[in-house]
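# A structural walkthrough
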Amino acid sequence: MSDDARRELVDLSTARETVDELAVGTGAESVPLSEARGRTLAEPVRAGVDVPGFDRAAMDGYAVRAADTRGADEATPVALDVVAELQAGEAPERTVGAGEAVEIATGAVVPAGADAVVVVERTSRDADTVAVRDAVPPGENVLPAGADVAAGDLALSAGTRLTPRTVGLLSAVGAATVPVRDRPEVAVVSTGDELAPAEADLDHDRGEIHDVNTPALRAAVAAAGGEPVGFERVPDDRGALTDALSRAAERADLVLTSGSTSAGSADLLASLVAERADTELLVHGVDVQPGKPTVIGRIGDTPYVGLPGYPVSALSVFRVLVAPAVREASGTPATTMERRAELATRVRHDGGRHRLVPVGLVADGDGATLAYPVDKGSGATTSLAYADGVVTVPATTNYVPAGEGVTVELFDADERPPDLLAVGARDPAVGEAFAAVDRVRFLARGTQAARRWLDDGVPDVAVVTGDPPDGEVLAAWDREWGLAAGSDVDCDGLASLVDGATLVNAARGTGLREALDDALAAMGDDRDEPVRDSVDGVTAHGLDGPARRVRAGEADVAPALRATAEDLGLSFVTLGTQRVSVVVGAGRGDKPGVAALRAAAENGVGAARPGYERVDGT
């Protein structure tokens, strides 16, 4: 296949058809009944015995000959001799003759000679005689042999998902082992020299990152009904990749890789699959965002899908292309459900490609469901971690306005919005309050974004620095901020920055960055010179990020809270206080999550941190 042909994008429906045609794992196995719950029958199961295998009493009462009760009523009961008693699990020892009855429990074998059961409520017992006040027809309150399932009947058909009740039926018909569909074994191979396992210490100088895709994809495979097969991470090396692909194809029913699929110099997997004699490249590139550089093919007879390296892209493509094939093979029903929602904010799209937009869900004050985009780019793992589902935007659509009704495809059937959605600035005191509330989702987007989202009516609460916007201020603190410096740095405040001390600044849009910019602007006004423009430095994300870089010796000073400087063992020069407020969204004050946060704040959570003072009245 030529390079041009290999990189010709196919649409999403063609990619789905191609994966379906790969026929992932179509085998079967027999498992003990005790392990059958949740599996899917590969073959029909027929009853080997009658259920029940005997005429069974359906009620507590007396087994009788129906003819002996003819004419019995309240005024003229029929007296019968009680000749025996039977419990469930006991074998009858005698036949019921004319004028006789046997006391019988529900589930017991109806003795020979008897053809009906009179319920105990319609009788009166006196020693060895029972007075019967109802005439009963033959078969009354008797479950005949084979009434549930007769021997030879189809008990369950192939494709039946085995639940506790169907497992019970299989036990009833004597199926000690059952034929079920195999769980396809799926080899997950993540590629990249930069990857390290979660337990490893990272070498940031080499650009190492923790491997997200391997555990995430293994979990996705298991959720779809597959059996993930562990493989080591593989560097971007032709020989290593060739060996890994061969071993994975020999072991598994499906091979998944992540990374090394994009067109370009690192496009190793696609070229390997295209060039090897025992492989077949069917698709290289799908017209979908995220997930364009997807590879579909075969390694020998084993289906192969190469997923993009970015976690959002890899998991999105797995969800729409691979998971349905794994579910079909294992007989696992789809858990994805749909929910209608209203877009809280607009969605812009360049068009030209099918787009899957991760969204979060939140209930407004009236209980209506809102959907808000959470996509921070394909390289951001939180785009899916903080999403509840996806909204599909067709390739022909460039713009979806706020307020538009959309269909959200949920990741899980039991997905529900968080009890409290918060957005805004990071703050340790507020973080302690959040930790006291269950099912909180906090999006650390900074004060500026919090104000915009609050205006759009998205969050339940917003965390803002500076003067709070209009609305209920649930809680507020004045926090002391200043400059944190290394132990060998003589810092005398803002003057050190002007005199050339190296700076790690806070990211734009954060409260610390705003406070430092305002302080430098005021200093410039006093000096009648543009001081702020003369102070430069790299930026670090997170509230503690700049100070951590100082502790690591990468700079002299950084803006920080007093609490941060003390935690990190840095010297601290105070420059003032900054207010941080938790503001309730319009109409959200009565939500249970907001009430729980209010209670936590009222109980003083977060107020004891160094450099913090609770604002009266909140």
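Residues numbered from 1 in each chain as written. Predicted model: local features only at pLDDT ≥ 70, side-chain atom pairs only at ≥ 80, totals over all residues. Heavy atoms only, no water.

Tallying secondary structure elements over the protein chain gives 16 helices and 37 strands in all. For 618 residues, the compact-globule estimate of 2.2 N^0.38 gives 25 Å, and the C-alpha radius of gyration of the protein chain, at 35 Å, exceeds that figure by more than 25%. Principal-axis analysis of the C-alpha atoms gives the protein chain an extent of 120 × 75 × 45 Å. In the protein chain, of all internal contacts separated by at least 6 residues, the share reaching a separation of at least 24 is 72%. (Helix = DSSP H or I, 4+ residues; strand = E, 2+ residues; numbered from the N terminus. Rg over C-alpha atoms; globule rule 2.2 N^0.38 Å. Contact = heavy atoms within 4.5 Å.)

For the rest of this paragraph, the subject is the sheet that holds strand E4 (residues 61-64). Here we have 6 strands laid out as an open sheet, ordered E7-E4-E6-E5-E9-E8, and mixed in their pairing. One side of each edge strand has no neighbouring strand; the edge strands of this open sheet are strand E7 (116-119) and strand E8 (123-126). This sheet shows a mean twist of 40° between the axes of neighbouring strands, independent of strand direction. Strand direction decides the pairing type here: strand E5 (residues 78-86) and strand E9 (residues 129-132), joined by 4 bridges, are antiparallel. Along E9, the bridge assignment pairs Leu80 with Val130. (Pairing = 2+ DSSP bridges. Axes fitted to C-alpha atoms, helices over the stretch in contact; angles between N-to-C directions.)

Before going further, it helps to examine the packing of helix H4 (residues 213-223) against helix H7 (residues 311-330). Axis separation between H4 and H7 bottoms out at 10 Å; the angle between their running directions is 25°. By the angle between their axes, H4 is roughly parallel relative to H7. Judged by the sense of rotation from one axis to the other, the crossing of H4 with H7 is right-handed. Residues Asn213, Ala216, Leu217, Ala220 and Val221 of H4 touch H7, and the partners they reach there are Pro311, Ala314, Leu315, Phe318 and Val326. Classifying every residue of the contact of H4 with H7 gives 9 nonpolar, 1 polar and no charged. (Parallel < 35°, antiparallel > 145°, perpendicular 65-115°, else oblique. Left-handed = near helix turned anticlockwise from the far one by under 90°. Nonpolar A, V, L, I, M, F, W, Y, C, P; charged D, E, K, R; others polar.)

Moving on, we get to the pattern of salt bridges. According to the stated counting rule, one finds 23 salt bridges in the structure shown. Close ionic contact of Glu432 with Arg609 constitutes a salt bridge, the shortest N to O distance being 3.1 Å. Taken together, the residues span a long stretch of sequence, with Glu432 in helix H9 (residues 428-435) and Arg609 in the loop between helix H16 (592-602) and strand E37 (612-614) at a distance of 177 residues. When its relative accessible area of 21% is taken as the criterion, Arg609 is described as partly exposed. Note that Asp460 and Arg588 form a salt bridge whose closest N and O atoms lie 2.7 Å from each other. Taken as a pair, Asp460 in the loop between helix H10 (446-455) and strand E31 (461-465) and Arg588 in the loop between strand E36 (571-584) and H16 lie far apart in primary sequence, 128 residues in all. Neither Asp460 nor Arg588 differs from the other in exposure class; each is buried. Each of Glu74, Arg122, Arg133 and Asp134 takes part in one network of salt bridges that share partners. (Salt bridge = Lys/Arg side-chain N within 4 Å of Asp/Glu carboxyl O. Buried < 20%, exposed > 50% of the residue type's maximum accessible area, 1.4 Å probe, protein only.)

Of the two faces of strand E30 (residues 440-444), only one is covered, namely that formed by Arg441 and Leu443; the face formed by Val440, Phe442 and Ala444 stays uncovered. The handedness of the strand E29 (residues 420-424) to E30 crossover, carried by H9, is right-handed. (Right-handed = clockwise from strand over helix to strand, strands pointing away.)

This part takes up the packing of helix H2 (residues 12-21) against H7. Packed helices, taken two at a time, are described by the angle their axes make and the gap between the axes. Here H2 crosses H7 at 30°, and the two axes come no closer than 9 Å. Taken together, H2 and H7 sit at an angle that is classed as roughly parallel. Crossing geometry of H2 relative to H7 is assigned as right-handed. Where H2 abuts H7, its residues Leu12, Ala15, Arg16 and Val19 lie against Val320, Leu321 and Ala325. Of the residues belonging to the contact of H2 with H7, the class tally is 6 nonpolar, no polar and 1 charged.

This part covers the packing of aromatic side chains. In this structure the tally under the stated criterion is 2 aromatic pairs. Consider the rings of Phe434 and Phe442, whose centres lie 5.5 Å apart with planes at 40°: the pair is tilted. Of the residues examined, Phe442 reaches a relative accessible area of 22% and is grouped as partly exposed. The ring centre of Trp477 lies 5.5 Å from the NZ or CZ of Arg614, which sits over that ring. (Phe/Tyr/Trp six-rings, centres within 6.5 Å; stacked < 30°, edge-to-face > 60°. Lys NZ or Arg CZ within 6 Å of the ring centre and 35° of its normal.)

A few words now on the sheet that holds strand E21 (residues 302-307). Strand order across the open sheet formed by 6 strands is E16-E13-E17-E21-E20-E18, with mixed pairing between neighbours. In this open sheet, the two strands that pair with only one neighbour each are strand E16 (227-230) and strand E18 (279-284). Going across the sheet, the axis of each strand differs from the next one's by a mean of 25°, ignoring polarity. Note: strand E13 (residues 185-190) against E16, 4 bridges, orientation parallel.

Topologically, Thr279 is positioned in strand E18. Sequence-wise, Thr279 and Val130 are 149 residues apart; in three dimensions their C-alpha atoms are separated by 83 Å.

What follows is about helix H5 (residues 238-251). Here H5 is 14 residues long and its end C-alpha atoms lie 20 Å apart, about the 20 Å a rise of 1.5 Å per residue gives. Taken together, the buried positions of H5 are Leu241, Ala244, Leu245, Ala248 and Ala249. When H5 is viewed along its axis, its buried side chains cluster within an angular range of 125° and face the same direction. (Expected span 1.5 Å × (residues − 1). Arc of directions from axis to C-beta.)

Moving on, we get to the environment of Thr332. With respect to the secondary-structure elements, Thr332 resides in the loop between H7 and strand E22 (338-343). The exposure class of Thr332 is buried, given its relative accessible area of 11%. Setting aside chain neighbours within four positions, we find Thr332 in contact with Thr40, Arg161, Ala223, Ala224, Gly225 and Arg327. Of the polar contacts made by the side chain of Thr332, one reaches the backbone oxygen of Ala224; its length is 3.5 Å. A distance of 2.7 Å separates polar atoms of two side chains, one belonging to Thr332 and the other to Ser330. (Polar contact = N/O pair within 3.5 Å; in protein donor to acceptor, adjacent residues only side chain to side chain.)

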